[in-house]
Amino acid sequence: MGNGLEILLKKRKSMAFWRSKKNNDSEADTESGSNPAAGSSSPASNEPENSGGLFSKITSGLHKTRRLLGTDIRDLFKSGGRLVDDDFLRELFALLIRTDMGTGPANQIRDEVAKEYRGRVVEFEEVVQTIIEEIRSQLRQDHGGLAQTEGTTVILVVGVNGSGKTTSIGKLSHHLRDAGHTLVLGAGDTFRAAAVEQLTIWAGRIGCEIVTGKSGADPASVAYQTVDKAIEIGADYAIIDTAGRLQTQSNLMLELQKIRKVIDKRLPGAPHEVLLVLDATAGQNAISQAKGFSEAAGCTGIVLAKLDGSAKGGVVLPICEQFRLPVKFVGLGEGLQDIAAFDSDSFAEAMFQDSLRKK
């Protein structure tokens with residue numbers, strides 16, 4: 001086809017095929033260590049995820065962060081409580097910083113604890129409840145979730161290599177397919193063969209179409225063709241992967257701007273979402289990633305990946321504070337189903353779930 005593009009139509013595979021694929025395909029996922037062809041052979045439930053299931057996922061994903069907070073904050077207290085004075089507040093601030101939540105959010109939490117309890121002897125549980133409420137307040141977001149238009153909704157996904165970007169696209173696609181939506185994927189990271197191959201495997205497993213180009217093809221052309229194909233077949237979503245070299249490279253930023261213009265030319269007003277994938281294990285380094293991409297790509301939301309592997313889950317607070325970008329999804333494991341829509345209340349409580357269970 002024109003511009004060397006090939007549209008690969010991937011039909012839904014039988015479960016027997018994927019069980020065989022799981023046994024025979026040993027190629028590792030190039031970003032997160034998971035193998036898209038070797039996931040669970042059991043299809044995910046088509047029933048909407050209830051609040052209990054969501055809370056359980058987030059709690060599980062935050063196990064390293066909550067272990068750090070629960071153990072260290074509890075160590076500040078003695079039997080019979082602890083006087084909230086300057087020494088206590090300094091120690092509390094230092095512990096909060098260890099989760100990479102940054103000085104701004106940590107200062108606000110410390111100040112709220114001081115406002116409520118300074119000069120009083122308090123129990124561990126009282127302080128934890130105040131911290132949870134303050135985190136909820138800081139993370140509360142005014143947005144309606146993932147955008148959805150009357151026609152095809154175009155989602156551009158950006159992020160540095162290794163952030164979990166391509167894997168997150170697979171999870172998000174599965175999430176949308178599970179909700180009954182149709183979609184087309186676009187392998188726009190054309191200079192990285194492994195990313196194209198990985199996304200092609202995801203598309204086959206999920207049962208959706210994918211647009212690819214020859215190695216080194218113009219990413220903007222792939223993006224255009226993806227949107228064009230999605231409109232042609234009446235797909236609900238077009239999700240486009242992009243290159244992920246370091247955000248300090250000006251050519252990458254110019255490329256992202258070009259992709260936006262080309263997409264808008266084919267479908268005015270698109271892309272409707274630009275999701276920035278950040279690696280939760282990167283901690284404060286994720287902030288510099290967000291700055292570069294948010295300026296060049298016009299990001300509308302964040303996917304926080306690899307949350308299950310990090311004790312730095314607090315990084316979501318400074319991200320929300322500095323960029324006013326809503327966290328829309330969190331990655332909580334290696335399986336296709338291991339993604340959850342972000343909920344500030346569940347997130348804040350999950351950070352201290354172990355602490356609240358202990359007596």
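Residues numbered from 1 in each chain as written. Predicted model: local features only at pLDDT ≥ 70, side-chain atom pairs only at ≥ 80, totals over all residues. Heavy atoms only, no water.

A. How the structure looks around the overall build of the chain. Secondary structure summary: the chain contains 14 helices and 11 strands in total. Counting all 359 residues of the chain, 55% fall into the buried class. A sequence separation of at least 24 residues applies to 79% of the contacts in the chain between residues at least 6 apart. A total of about 15,200 Å² of accessible surface is found on the chain, and carbon and sulfur atoms cover 46% of it. (Helix = DSSP H or I, 4+ residues; strand = E, 2+ residues; numbered from the N terminus. Buried < 20%, exposed > 50% of the residue type's maximum accessible area, 1.4 Å probe, protein only. Contact = heavy atoms within 4.5 Å. Areas by Shrake-Rupley, 256 points an atom, 1.4 Å probe, with all protein chains shown as cover.)

B. Main features of the side chain of Thr226. Inspection of the secondary structure puts Thr226 in helix α9 (residues 219-233). What makes Thr226 buried here is its relative accessible area of 0%. At a separation of 2.7 Å, a polar atom in the side chain of Thr226 contacts the main-chain carbonyl oxygen of Val222. Ignoring anything within four residues of it in the chain, the contact list for Thr226 reads Val184, Leu185, Gly186, Val211, Ala238 and Ile240. (Polar contact = N/O pair within 3.5 Å; in protein donor to acceptor, adjacent residues only side chain to side chain.)

C. Quick peek at the pattern of salt bridges. Considering all chains together, one arrives at 16 salt bridges under this definition. Of the charged contacts in the structure, one is a salt bridge between Glu126 and Arg120, with a shortest N-O distance of 3.7 Å. We classify Arg120 as partly exposed; its relative accessible area is 40%. Measuring nitrogen to oxygen at the nearest pair gives 2.7 Å for the salt bridge that ties Lys165 to Asp241. With Lys165 in helix α7 (residues 165-178) and Asp241 in strand β7 (residues 237-241), this residue pair connects regions lying 76 residues apart in the sequence. Taken individually, Lys165 and Asp241 each receive the classification buried, so the pair is uniform in this respect. Salt bridges sharing partners connect three or more residues here, namely Glu133, Arg136, Arg140, Asp345 and Glu349. (Salt bridge = Lys/Arg side-chain N within 4 Å of Asp/Glu carboxyl O.)

D. Up close: helix α10 (residues 250-266). Taking 1.5 Å per residue, 17 residues should reach 24 Å; α10 reaches 25 Å between its end C-alpha atoms and fits that length. The complete set of buried residues in α10 reads Leu252, Met253, Glu255, Leu256, Ile259, Val262 and Ile263. (Expected span 1.5 Å × (residues − 1).)

E. Molecular detail of the side chain of Thr152. Examined against the element boundaries, Thr152 turns out to sit in the loop between α6 (124-139) and β4 (153-158). Within polar-contact distance, the side chain of Thr152 engages the backbone oxygen of Ala235 at 2.8 Å. When residues no more than four places from it in sequence are discounted, the contact partners of Thr152 are Ala230, Ile231, Ala235, Asp236, Tyr237, Ala238, Leu267 and His272.

F. Molecular detail of unusual backbone geometry. Omega for the peptide link from Ala270 to Pro271 comes to 0°, which places this bond in the cis form. Tracing the chain through its elements places Pro271 in the loop between α10 and β8 (273-279).

G. Layout of α9. Its 15 residues place the ends of α9 21 Å apart at the C-alpha level, agreeing with the 21 Å of an ideal helix rising 1.5 Å per residue. Every buried residue belonging to α9 is among Pro219, Ala220, Ser221, Val222, Ala223, Thr226, Val227, Lys229 and Ala230, and all of these are buried. At the N-terminal boundary of α9, the capping side chain belongs to Asp218, with an oxygen 3.1 Å from the backbone nitrogen of Ala220. A positive backbone phi angle near 75° is found at Gly234, which sits one or two residues after α9.

H. Structural detail: the confidence of the model for the chain. Considering every residue of the chain, the mean pLDDT works out to 79; 75% of them sit at 70 or more. Here residues 1-34 is modelled with pLDDT under 50, and outside its nearest four sequence neighbours on either side it reaches 76 contacts, counting other chains as well. Note that pLDDT drops below 50 for residues 37-52; the model gives that stretch 19 contacts with residues more than four away or on any other chain. (pLDDT = per-residue confidence, 0-100.)

I. Representation of the packing of aromatic side chains. A complete count under the given rule lists 3 aromatic pairs for this structure. Measuring from centroid to centroid gives 5.5 Å for Phe77 and Phe88, while their planes differ by 75°, and the two rings are edge-to-face. Residue Phe77 is located in the loop between α3 (63-74) and β2 (82-83), and its partner Phe88 is located in helix α4 (residues 86-97); the two are separated by 11 residues in the primary sequence. Per residue, the accessibility class of Phe77 equals that of Phe88, and both read buried. For the pair Phe342 and Phe347, a centre-to-centre distance of 5.2 Å together with 55° between the ring planes defines the contact as tilted. A cation over an aromatic ring shows up here: Arg110 above the ring of Phe93, its NZ or CZ 5.0 Å from the ring centre. (Phe/Tyr/Trp six-rings, centres within 6.5 Å; stacked < 30°, edge-to-face > 60°. Lys NZ or Arg CZ within 6 Å of the ring centre and 35° of its normal.)

J. Here's a closer look at the pairing of β7. The element β7 is extensively covered by neighbouring structure, given that 5 of its 5 residues are classed as buried. A two-sided burial pattern is seen for β7, the buried positions comprising Tyr237, Ile239 and Asp241 on one face and Ala238 and Ile240 on the other. Bridge analysis of β4 against β7 gives 5 bridges, and the strand direction is parallel. Residue pairing in the sheet places Val157 in a bridge with Asp241 of β7. Two strands pair when backbone bridges link them, and strand β5 (residues 183-186) and β7 are joined in this way by 4 bridges, in the parallel orientation. By the bridge assignment for β7, Leu185 is matched with Ile239. (Pairing = 2+ DSSP bridges.)

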